[in-house]
Number of protein chains: 2
Amino acid sequence: MTAKSQTLVFKNRPRIIAGMSVVGDKEGEGPLGKYFDTIEPDPKMGKSSFEKGETAMFSKAIEGAAAKAGMQIFDIGALFAGDLLNQLVSSSYAARDLPVSYFGLYSACSTMTEALSLGAAMINAGYFKTAACATGSHFATAERQYRFPLEYGCQRPPYAQWTATAAGCSILADSGNGPAITHATIGRVVDYGITDANNMGAAMAPAAFDTVLAVLEDTEMKIEDFDGIFTGDLGRLGGEILRDLCRERGIELGQRYSDCGEMIFSSEQECYSGGSGAGCSACVLNSFILDKMKKHEYNRVLLMATGALMSPTTSFQGESIPAICHAVIMENDL
Amino acid sequence: MTAKSQTLVFKNRPRIIAGMSVVGDKEGEGPLGKYFDTIEPDPKMGKSSFEKGETAMFSKAIEGAAAKAGMQIFDIGALFAGDLLNQLVSSSYAARDLPVSYFGLYSACSTMTEALSLGAAMINAGYFKTAACATGSHFATAERQYRFPLEYGCQRPPYAQWTATAAGCSILADSGNGPAITHATIGRVVDYGITDANNMGAAMAPAAFDTVLAVLEDTEMKIEDFDGIFTGDLGRLGGEILRDLCRERGIELGQRYSDCGEMIFSSEQECYSGGSGAGCSACVLNSFILDKMKKHEYNRVLLMATGALMSPTTSFQGESIPAICHAVIMENDL
């Protein structure tokens, strides 16, 4: 049985020509605050519910990214999007206002890299000239759906993560300026038997580890070949587990590795193990990471978003938490 | 503003080399009973919950399709799959047992054609040699999640549809025997303002209409060029609305048009407007339609699965129902 490549190679170098990040005020007060395009003080965005506010943030990210790319919404070839709400309603209601072909995607908090992988693959193959890849999440809607409504005031364990209120959108194109997506490594589902739905970092770290090994084997690159390696969102605990799993195989992630969930909140913000949510890696990519690539502080970046694929129903039924990690490699033209 | 093509063209003719359908006993007793591969008398498949039963059906469809294609599970290039349960847990828990790259997809009951579109696109472009495209649904889990648990014994209006307990999987490959997927038309989100979550056919018919127009315009084919045209799942009422919308534009769908939801149950089975659920079009494709194509009774088929993209939360919040329809064209080699 020979090993099978999980990695797609994009010779035509589809690229990220624009990115837009929209975040809530807590995220705006965090260490990355100055990098975000807009910080929204109202978590409902002037709408009547948190869910409608989440959709409004989603729309703002897509429209803002298109505007930064100098495009009309109508010019977008296709939308690749998903979110954490049941039936992906943030994405679908945002897509309702866009006259473009829409691919609904779900891989929990790894949806951003699933969208970038498919968007880049479809542009590289010539099916579309441009694509919008978007995802988002919202603290209030995620707490209500996955745990308890905020009004209950439930306590959280110290290893819990805090769902980021954030949306991000990248515009991909077959030409133009911006970092190219050169590879995408499509994850497999990995389950090490974790059953505590508060301990998502521990559930997802093995999936990130599985994908790190696939990236290194398929591309024959080394850890040292990347200026930055980012997971999203293992949090502090999950990030440490990933470092340990890698170390056991002789792979030292070192200083170049950070986790988007760890980066987005400072320890004073009482977000425990750090941020999470599909919007977390989406907003960090479309602000901090693209900014550093634009300035050539990073020239090759590995972004590995991780997702926990359980539902409240499966947790109630005693199931363990399967996880997945999709990775993309982004490179500046040199 | 010029019209933009929504249609992908697959010159390398990726093909469906095998299909597997797994259904519940009610579906087995319906008009298409003799076409299904397996009819399961136990809706829990011997597991402790309906949800676990749904996952088991899903796994059986994938494993069965791979076996019919003469493949080991490990040989599948990638899995493109989704379902109706929150967080796509049927797909993800089925994918947990498969050592393959997994793309989680959601477009409600149009997930089968979203999966076929992406699977065929990725094979046509040379990224994978084979792919499994799968989806499913379950009456008991859908009622509990979207409406009320079965034990409540709620009444249903006469235009309601009945979620099919079914899973279907198609194996796509870059070579081999079976109908080629020559085109995929990727839908846009369409919302005509329907707010009655029991009246999904009316909500989805405009999306099907939008995609019919895109197919005819993009491919320059005519209705008469198809031996069979299938929507899934508008039901009786939605199918009539689609016929009317087309007729107003001078397009007569005629006898060659049927709806998978209308086909799967007979009127004596008291399923009101007909079947629905992501598994409905998946099991009709992977039984009846592939059988008729194999016998050359159909040589060119247009399959247009339709999805309603709302959630219970958006319905409670008074939102209307956005819908989408993705279409694929399948052709025999002649």
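Here, every reference points to the structure presented above.
The residue count restarts for each chain, going from 1 along the sequence in the order it is written. Labels are handed out in written order, letters beginning with A for the chains and numbers beginning with 1 for the ligands. Restriction of local features to residues with pLDDT of at least 70 applies here, the model being predicted, together with a cutoff of 80 or more for giving and counting side-chain atom pairs; totals for whole chains, interfaces and linings are based on all residues. Hydrogens and water molecules were not included; the side-chain quantities draw on all heavy atoms of the structure.

Participant: I'm lost on the overall build of chain A in this one. Help?
Facilitator: A run of H or I in DSSP becomes a helix once it reaches four residues, and a run of E becomes a strand once it reaches two; helices and strands are each numbered from the N terminus. Counting secondary structure elements, chain A contains ten helices and 14 strands. The C-alpha atoms of chain A give 18 Å as radius of gyration, which agrees with the globular expectation for 334 residues (20 Å, within 12%). Along the first, second and third principal axes, the C-alpha set of chain A runs to 50 × 50 × 35 Å. Taking as baseline every contact in chain A between residues at least 6 positions apart, the subset at least 24 positions apart corresponds to 78%. When the accessible surface of chain A is summed, it comes to about 11400 Å², and 48% of that surface belongs to carbon and sulfur atoms. In this charge count, Lys and Arg are treated as positive and Asp and Glu as negative; neither His nor the chain ends contribute. Taken as the charge centre is NZ of Lys, CZ of Arg, CG of Asp or CD of Glu, depending on the residue. Distance between charge centres in chain A, computed from 27 positive and 39 negative side chains, equals 4 Å. With the radius of gyration taken over C-alpha atoms, the globule rule is written as 2.2 Å times the number of residues to the power 0.38. Two residues form a contact once any of their heavy atoms are found within 4.5 Å. Using a 1.4 Å probe, the Shrake-Rupley method yields the accessible areas, and only the shown protein chains count as cover for residues.

Participant: For this particular structure, what's the right way to read the relation of the copies chain A and chain B?
Facilitator: Comparison of the two chain copies shows a relationship of rotation about an axis with a shift along it. Between chain A and chain B, the superposition needs a rotation of 180° and an axial shift of 0.0 Å, giving an RMSD of 0.0 Å. Classification of the inter-copy transformation places it as that of a two-fold axis. Judged by C-alpha distance, Leu105 of chain A is the residue of chain A that lies nearest the rotation axis, at 2.2 Å. When you check the interface residues of chain A against chain B, 100% turn up at the interface there too, and the contact is symmetric in its surfaces. Each copy is superposed on the other by least squares, with the fit set by C-alpha atoms of residues at a pLDDT of at least 70 in both.

Participant: Any chance you could explain unusual backbone geometry here in plain terms?
Facilitator: Apart from glycine, the bulk of residues carry a negative phi angle, and the bulk of peptide bonds sit in the trans form. All names here are of chain A. Following Gly232, the chain continues into Asp233 via a peptide bond in cis, with omega recorded as 5°. Among the structural elements, Asp233 can be located in the loop between strand E10 (228-232) and helix H7 (235-248). The phi angle at Glu220 is positive, at roughly 60°, despite the residue not being glycine. Looking at where Glu220 falls in the secondary structure, it is placed in the loop between helix H6 (200-219) and E10. Overall, the relative accessible area of 71% leaves Glu220 in the exposed class. The rule is simple: take the accessible area with a 1.4 Å probe, protein chains only, and divide by the maximum for that residue type; under 20% is buried, over 50% is exposed, in between is partly exposed.

Participant: Please clarify how helix H4 (residues 111-124) of chain B should be interpreted in this entry.
Facilitator: Helical geometry note: an α-helix holds 3.6 residues per turn, so side chains three or four residues apart project in the same direction. Residue and element names in this part refer to chain B. Take the number of residues in a helix, subtract one, and multiply by 1.5 Å to get its expected span. Look at H4: 20 Å from first C-alpha to last across 14 residues, which is about the 20 Å you get at 1.5 Å a residue. Of all 14 residues making up H4, 14 are buried, and the element is well covered by its neighbours. Phi turns positive, to about 90°, at Gly126, one or two residues after H4.

Participant: How do you make sense of the interface of chain A and chain B when you look at a structure like this?
Facilitator: By a widely used convention, the size of an interface equals the accessible area lost when the partners come together. Contact residues are listed per partner, giving 60 residues for chain A and 60 residues for chain B. Throughout, buried area stands for the accessible area (probe radius 1.4 Å) lost by two parts on being put together, summed over both. Contact between chain A and chain B buries roughly 4900 Å² in total, counting both sides, with carbon and sulfur atoms accounting for 60%. Think of a salt bridge as a Lys or Arg side-chain nitrogen and an Asp or Glu carboxyl oxygen that are within 4 Å of each other. The interface formed by chain A and chain B contains four salt bridges. Arg96 of chain B is the salt-bridge partner of Asp191 of chain A, the closest N and O atoms lying 2.6 Å from each other. In protein, a polar contact requires one atom able to donate a hydrogen and another able to accept it; more generally it is a pair of N or O atoms within 3.5 Å, and residues adjacent in sequence count only if both atoms are side-chain atoms. Between chain A and chain B we count 32 residue pairs in polar contact (both at pLDDT 80 or more) in total. Elements with a minimum of two residues in the side of chain A that touches chain B: strand E1 (7-9), helix H2 (50-68), helix H3 (89-95), strand E5 (101-104), helix H4 (111-124), helix H5 (139-146), helix H10 (312-316) and strand E14 (323-331) of chain A. Sorting elements by how many residues they give to the side of chain A that touches chain B places H4 of chain A first, with five residues. Throughout this entry, Asp, Glu, Lys and Arg are counted as charged residues, while Ala, Val, Leu, Ile, Met, Phe, Trp, Tyr, Cys and Pro are counted as nonpolar. The remaining residues, Gly among them, count as polar. Here the side of chain A that touches chain B is composed, by residue class, of 32 nonpolar, 18 polar and ten charged.

Participant: What's the story with the pattern of salt bridges in this structure? I'm lost.
Facilitator: Side-chain pairs of opposite charge can arise where the charged atoms are in close proximity. Residue and element names in this part refer to chain A. Across all of its chains, the model carries 36 salt bridges over all chains by this definition. The shortest N-O distance in the salt bridge between Asp210 and Arg188 comes to 2.9 Å. You can see Asp210 sitting in helix H6 and its partner Arg188 sitting in the loop between strand E9 (180-185) and H6, a full 22 residues away along the chain. On the accessibility criterion, Asp210 (16% relative accessible area) is buried.

Participant: How should the state of the cysteines be read in this particular structure?
Facilitator: A covalent bond between the sulfur atoms of two cysteines is referred to as a disulfide. All names here are of chain B. The rule for a disulfide is simple: a pair of cysteine sulfur atoms within 2.5 Å. All told, the structure shown has zero disulfides over all chains when counted by the stated rule. Cysteine Cys260 is unpaired, with the sulfur of Cys280 as its nearest cysteine sulfur at 5.7 Å. On the basis of relative accessibility, which here comes to 0%, the residue Cys260 falls in the buried class. Left without a disulfide partner, Cys325 is nearest to the cysteine sulfur of Cys246, which lies 11 Å away. When its relative accessible area of 0% is taken as the criterion, Cys325 is described as buried.

Participant: What am I meant to see in the environment of Gly168 of chain B here?
Facilitator: All names here are of chain B. Mapped onto the secondary structure, Gly168 falls in strand E8 (residues 166-173). Overall, the relative accessible area of 0% leaves Gly168 in the buried class. Expressed as a C-alpha distance, the spacing of Gly168 and Ser281, which sit 113 residues apart in the sequence, is 8.3 Å.

Participant: Which parts of the structure should I look at to understand the side chain of Glu51 of chain B?
Facilitator: Tracing the backbone through its elements, the reader meets Glu51 of chain B in helix H2 (residues 50-68). Residue classification places Glu51 of chain B among the buried residues on the basis of a relative accessible area of 8%. Ignoring anything within four residues of it in the chain, the contact list for Glu51 of chain B reads Thr313 and Gln317 of chain A together with Leu85, Thr141 and Arg144 of chain B.

Participant: Mind showing me how you'd approach the pairing of strand E6 (residues 130-137) of chain B here?
Facilitator: If a strand is regular, its side chains alternate between the two faces of the sheet. All names here are of chain B. Here E6 lies mainly inside the structure; eight of its eight residues are buried. Following DSSP output, two strands are said to pair if at least two bridges run between them. Sheet analysis places strand E4 (residues 78-83) next to E6, joined by five bridges and oriented parallel. Looking at the pairing, Ala81 lines up with Ala134 of E6. Sheet topology places E6 next to E8; eight bridges connect them, and they run antiparallel. Each residue of the ladder has a partner; that of Ala134, found in E8, is Cys169.

Participant: Honestly, the environment of Ala205 of chain B in this entry has me stumped. Any pointers?
Facilitator: All names here are of chain B. Structurally, the position occupied by Ala205 is in helix H6 (residues 200-219). Taking the relative accessible area as the measure of exposure, Ala205 reaches 0% and is therefore buried. Between the C-alpha atom of Ala205 and that of Thr185, which follows or precedes it by 20 residues, the distance is 16 Å. If sequence neighbours within four positions are ignored, Ala205 has contacts with Leu234, Gly238, Ile241, Leu242 and Leu245.

Participant: Even after reading the chapter, I still don't get the packing of H6 of chain A against H7 of chain A, so can you show me in this structure?
Facilitator: Two numbers describe a pair of packed helices, the interaxial angle and the distance between the axes. Residues and elements named next belong to chain A. Here the axes come from fitting lines to C-alpha atoms, over the contacting stretch only for helices, and the angles between their N-to-C directions go from 0 to 180 degrees. Packing of H6 against H7 brings their axes to within 8 Å, and their N-to-C directions diverge by 40°. Here H6 is positioned oblique relative to H7, judged by the angle of their axes. For the crossing formed where H6 meets H7, the hand is right-handed. Contacts between H6 and H7 involve Gly201, Ala202, Ala205, Pro206, Ala208, Phe209 and Val212 from the former and Gly238, Ile241, Leu242, Leu245 and Cys246 from the latter. Residue classes in the contact of H6 with H7 are distributed as ten nonpolar, two polar and no charged. Orientation labels follow simple angle bins: below 35 degrees gives roughly parallel, above 145 gives roughly antiparallel, 65 to 115 gives roughly perpendicular, and whatever is left gives oblique. The handedness criterion is simple: a crossing whose near helix is rotated anticlockwise from the far helix by less than a right angle is left-handed, and one whose near helix is rotated clockwise is right-handed.

Participant: What exactly am I supposed to notice about the packing of aromatic side chains here?
Facilitator: Two aromatic rings, taken as a pair, are described by how far apart their centres are and by the angle between their planes. Residues and elements named next belong to chain A. Here a Phe, Tyr or Trp ring, Trp counted by its six-membered ring, pairs with any other such ring whose centre lies within 6.5 Å, and the pair is stacked when the planes are under 30 degrees apart, edge-to-face when over 60, and tilted otherwise. Overall, the coordinates contain 20 aromatic pairs over all chains when judged by the stated rule. Ring geometry for Tyr35 and Phe288: centres 5.1 Å apart, planes at 85°, overall edge-to-face. One end of the pair, Tyr35, is in the loop between helix H1 (25-28) and strand E3 (38-40); the other, Phe288, is in helix H9 (residues 278-294), and 253 residues separate them in sequence. Considered together, Tyr35 and Phe288 belong to a single accessibility category, that of buried residues. Feature note: the residues Tyr35, Phe230, Phe288 and Tyr298 constitute an aromatic cluster, connected by ring pairs. Geometry around Phe50 places Lys44 over its ring, the cationic atom sitting 4.9 Å from the centre. Lysine and arginine charges are scored as sitting over a ring when NZ or CZ, respectively, is within 6 Å of the ring centre and within 35 degrees of the ring normal.

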